[in-house]
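# Coordinate analysis (summary)
Here's the letter readout for the chains.
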Amino acid sequence: MSRVAVNIELPHRSTSGPLPQSAARRALAYAEAGGEPTLEHAEALLSSHGPQLERLLALAGHLRDRGAASRGDSSGRRITYSKKVFIPLTTLCRDRCRYCTFVDTPRSLRDQGRQPFLSPEEVVLIARDGAATGCKEALFTLGDRPEDRWEAARDWLAEHGYASTLDYVRAMAELVRDETGLLPHLNPGVMTWTEMQRLRPAAPSMGMMLETTSSALWSQPSGAHYGSPDKDPALRLQVLDDAGRSRIPFTTGILLGIGETLKDRAQSLFAIRDAHTRWGHIQETIVQNFRAKPRTAMQNQPDLGTSEYAAAVAVARWVMGPGAHIQAPPNLTDPEELRLLIRAGIDDWGGVSPVTPDHVNPERPWPQIEDLSRLTSQAGYDLKERLTAHPRWTADPDYWLDHRLHDPVSLLLEAAPGAPAAHSHAGRALLRRAEADSSALAEHEWAHLLESDGESLEQLASSADAVRAERVGEQVTYAVNRNVDASLYDPSRRRGGLTDEDLRLIAAEAAARGATEICVQGAVDPLLPGTAYLDIVDALRTGAEGAGADLHLHAYRPAEILDAAQRLDVTTGEFQQQLQSHGVGSVPGTAARILDDDLRRTLSADTDIPAAQWLDLIRSAHRAGLRSTATMVYGHAETPLQIVQHLLALRRLQEETVGFTEFIAMPLIPQDSPVLVPGVCRMADDRTTRAVHAVARLLLDGEISHIQAAWPKFGLGCAQRVLSGGADDVGGVLLDGTRPEADPEAGRTLSLDDVRRTAAALGRTSVQRSTLYERLDGLGTASP
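Residues numbered from 1 in each chain as written. Predicted model: local features only at pLDDT ≥ 70, side-chain atom pairs only at ≥ 80, totals over all residues. Heavy atoms only, no water.

### Quick notes on the overall build of the protein chain
Summing up its helical and strand segments, the protein chain has 30 helices and 19 strands in all. Here the protein chain has a C-alpha radius of gyration of 28 Å; the compact-globule value for 784 residues is 28 Å, and the two agree. Dimensions of the protein chain, computed from C-alpha atoms along their principal axes, come out at roughly 80 × 65 × 60 Å. Relative to its 784 residues, the protein chain shows a buried fraction of 58%. A separation of at least 24 residues holds for 76% of the contacts in the protein chain among residues at least 6 apart in sequence. Of the roughly 30,000 Å² that the protein chain leaves accessible, carbon and sulfur atoms contribute 50%. When the 82 positive and 105 negative side-chain charges of the protein chain are each reduced to one mean point, those points stand 4 Å apart. (Helix = DSSP H or I, 4+ residues; strand = E, 2+ residues; numbered from the N terminus. Rg over C-alpha atoms; globule rule 2.2 N^0.38 Å. Buried < 20%, exposed > 50% of the residue type's maximum accessible area, 1.4 Å probe, protein only. Contact = heavy atoms within 4.5 Å. Areas by Shrake-Rupley, 256 points an atom, 1.4 Å probe, with all protein chains shown as cover. Lys, Arg positive; Asp, Glu negative; His and termini not counted. Charge placed at Lys NZ, Arg CZ, Asp CG, Glu CD.)

### As for empty space enclosed by the protein
On inspection of all chains with the given rule, the structure shows 4 cavities of 30 Å³ or more. Approximately 1,000 Å³ is the volume attributed to the largest cavity. What lines the largest cavity is a set of 50 residues, and nearest its centre among them are Thr141, Asn187, Met209, Gln288 and Val360. Secondary-structure elements contributing two or more residues to the lining of the largest cavity are strand S1 (78-90), strand S2 (137-142), strand S3 (183-187), strand S5 (250-256), strand S6 (282-289) and strand S8 (348-352). For the lining of the largest cavity, the element with the most residues is S6, which contributes 5 residues. Residues belonging to the lining of the largest cavity are distributed by class as follows: 19 nonpolar, 18 polar and 13 charged. (1 Å grid on protein atoms, 1.4 Å probe; cavity = no way out; pocket = protein on both sides within 12 Å on 5 of 7 lines; lining within 4 Å. Points joined across faces, edges and corners; volume = space filled by probe spheres on them. Nonpolar A, V, L, I, M, F, W, Y, C, P; charged D, E, K, R; others polar.)

### Notes on the nonpolar core
Tyr556 and Phe663 are the most contacted members of the largest nonpolar core, which totals 112 residues. For this core, the element with the highest residue contribution is helix H22 (residues 531-546), accounting for 8 residues. Other than its neighbours up to four places away in sequence, phenylalanine 663 contacts Ala630, Thr631, Met632, Leu647, Leu650, Ala696, Leu700, Ile704, His706, Ile707 and Gln708. In this structure, Leu46, Ala266, Trp318 and Ile326 belong to the second largest nonpolar core, which totals 98 residues. (Core = buried A, V, L, I, M, F, W, Y, C linked by side-chain atoms within 4.5 Å.)

### Description of the pattern of salt bridges
Here the structure, examined in full by the defined rule, presents 61 salt bridges. The partner of arginine 494 in a salt bridge is aspartate 525, with the nearest N and O atoms 3.0 Å apart. In this pair, arginine 494 sits in the loop between strand S11 (481-485) and helix H21 (500-512) while aspartate 525 sits in the loop between strand S12 (517-521) and H22, placing the two residues 31 residues apart along the sequence. With a relative accessible area of 48%, arginine 494 lands in the partly exposed category. On the basis of relative accessibility, which here comes to 10%, the residue aspartate 525 falls in the buried class. When the shortest N-O distance is used, the salt bridge between arginine 601 and aspartate 598 registers 2.3 Å. One end of the pair is arginine 601 and the other is aspartate 598, both in helix H25 (residues 597-604) and 3 residues apart, which spans about a single turn. Arginine 601 sits in the partly exposed class, given a relative accessible area of 40%. On the basis of relative accessibility, which here comes to 53%, the residue aspartate 598 falls in the exposed class. (Salt bridge = Lys/Arg side-chain N within 4 Å of Asp/Glu carboxyl O.)

### Concerning the packing of helix H24 (residues 572-581) against helix H26 (residues 611-623)
Relative to each other, H24 and H26 sit at 45 degrees, their axes nearing to 10 Å. Classed by the angle they form, the pair H24 and H26 counts as oblique. Where H24 crosses over H26, the two elements pack in a sense that is right-handed. Where H24 abuts H26, its residues Thr572, Gly573 and Gln576 lie against Leu617, Ser620 and Ala621. Residues that form the contact of H24 with H26 fall into these classes: 2 nonpolar, 4 polar and no charged. (Axes fitted to C-alpha atoms, helices over the stretch in contact; angles between N-to-C directions. Parallel < 35°, antiparallel > 145°, perpendicular 65-115°, else oblique. Left-handed = near helix turned anticlockwise from the far one by under 90°.)

### A few points about the environment of arginine 739
For arginine 739, the position within the fold is in the loop between strand S18 (729-732) and helix H30 (752-761). Given the relative accessible area of 21%, arginine 739 is considered partly exposed. If we ignore the near neighbours within four places in the chain, the residues touching arginine 739 are Arg482, Gly496, Gly497, Leu498, Asp502 and Ile506. Within polar-contact distance, the side chain of arginine 739 engages the side chain of aspartate 502 at 2.8 Å. (Polar contact = N/O pair within 3.5 Å; in protein donor to acceptor, adjacent residues only side chain to side chain.)

### Some remarks on the side chain of glutamine 642
You can see glutamine 642 is positioned in helix H27 (residues 640-657). By relative accessible area, which is 17% here, glutamine 642 ends up buried. Of the polar contacts made by the side chain of glutamine 642, one reaches the backbone nitrogen of threonine 639; its length is 2.9 Å. Not counting the four nearest positions on each side in its chain, glutamine 642 is found in contact with Ile594, Asp596, Leu599 and Ala637.

Right, dumping it as structure tokens:
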């Protein structure tokens, strides 16, 4: 059945008219003088035309060439592209964008004799055709979550054994990678943090166009994105943030000419810039021009003007900076105008396919690569092929790529994986001694093991894993829990925080979903009395009891125990006894950071309690019968020796009290830290994380049996690596639900299937446990 188009006249608000050229002149002078990009100046520059546009193009081209030279290309005169094959996995979508011709309905697919999804055989056939012509990228493009709208999509996925479209995307990406050697680039639309974790092992890069931050285009009936739940700007900005937190080389960009204002364009560019400044993961910013398509609601809208487009590309270069990659799709601009885009500061043409059409813009065929090379050369630049992930990110695989992608990427880089570092005889001797007796090594010897890399690291991880298997067996344990941030407690609704009723509902809901634990951390509002700490646990306990459950309450860090005791004018030991009488079963041993006072002052701006006091408060809790976790924060200003000394301090306390249930090592995430640590702009890489966990297993052996993989911090892929190198536990799955903001790690959650798959990949079984490591039967009750 053919589509029936309904013409909708959208307010085309992207003209430069409202801004006087005097503002553009001032902004241009500011930019040429080296001024830091601002929203006001960017908006003004977007209206540039005539001689001012010429100067803006010259500035953008200079910035592009300067950035290329700083990356080691002395001439700075290269424009890159990726040779790709386009795999339209499904053209069904739950969104209703007014300009899109990519999407179909189930009925139109039936009329064309097509299934809701490409079959695995069709996917591999397309990929093999691409590989045969020299493609290195398999671009997976599809509609957002079609199963949420279309029964045909739900039925097809269920019939073929897939839980969701994204589940099928992962399977097909892995199939293409393994069968053809092509590297998948995934464009599946809006994804949660957890969904990104599931997809990360399958693809070295992913993408999603931000398009615009204009909420009016999404919320108003006349808007281009009205009726499209996945085009909510807030949702898409969260995707950018979660991709950075997930360490995914990510492609995004803006779509111009769909009714947005110049200010909208500027705000969208700054939103992308802010995400990249925060995480460093935006590998390319696409500046895409709207092209009207027949049989769409916007078929009568004018295409974006060429000069207006060039100004936007140049402003994107200025906003994103010399080191950014700015892309313009070459098939959406007439060949004779491509040189203008090069002058405007692009350094990348994006993916170009010699075998498949642009299924999103089928009316605009890809240029032949030879023609693109010639046109690029005529502008004074060389055309250079790249992989789907740009070199800056592939050059740092331990941080940016899942370990399962290291070899596939290396093969296509035409550089075999480097020879493993030799493992010295001294290193092997250290490992033998550590395995035999964890107290046998000196501090400097443990510190030496923390610096292991290459084959040395593999040997270290193998030794730690052997000790793990001997001590706790072949299980991966987990708890079903939910977090609550006590700092949000607001019994009088003064701040819009959590009331007692909210807490009761949270506990009842968590219990109904199978939780056995609620973890409570955070200092309560300074205006509240010390009894507020007890009121919180009372409300949670009452909510659980009302649901017929007995949730374990794991509540309050050492600093919070000290704060409560001071407010109540009692000793910390007396307050710990009060916690027990109110139903608290254990305490978090978090905020240990590194047990070195100089470092603690650096990490907390001198607000942390001293290391000795932290140890004393944990000792007191253990003696009161409140067991605790043991923790460490690494990847900041610490030395290997300070890590070792921290672990030894925990070991000595465990020898004294036997109160620690597990050890949790967490990398510092500077983006989440209220204190700027000099020289630290990102969390530790996988090499460091693996070495820390392996050494912890060996050094703590005989005292602390369980080593936890902090997946909310370093992701599910890295968690699997540390589980194969000494760790045995994934901690809590972090249920969401009512008042999700109550959890400081909201949005990061695991399903039980995630845990089972992770364990199965290691040849182990997943086992639910209690907070105190009793094995549970899956119903929240202890097994005999």
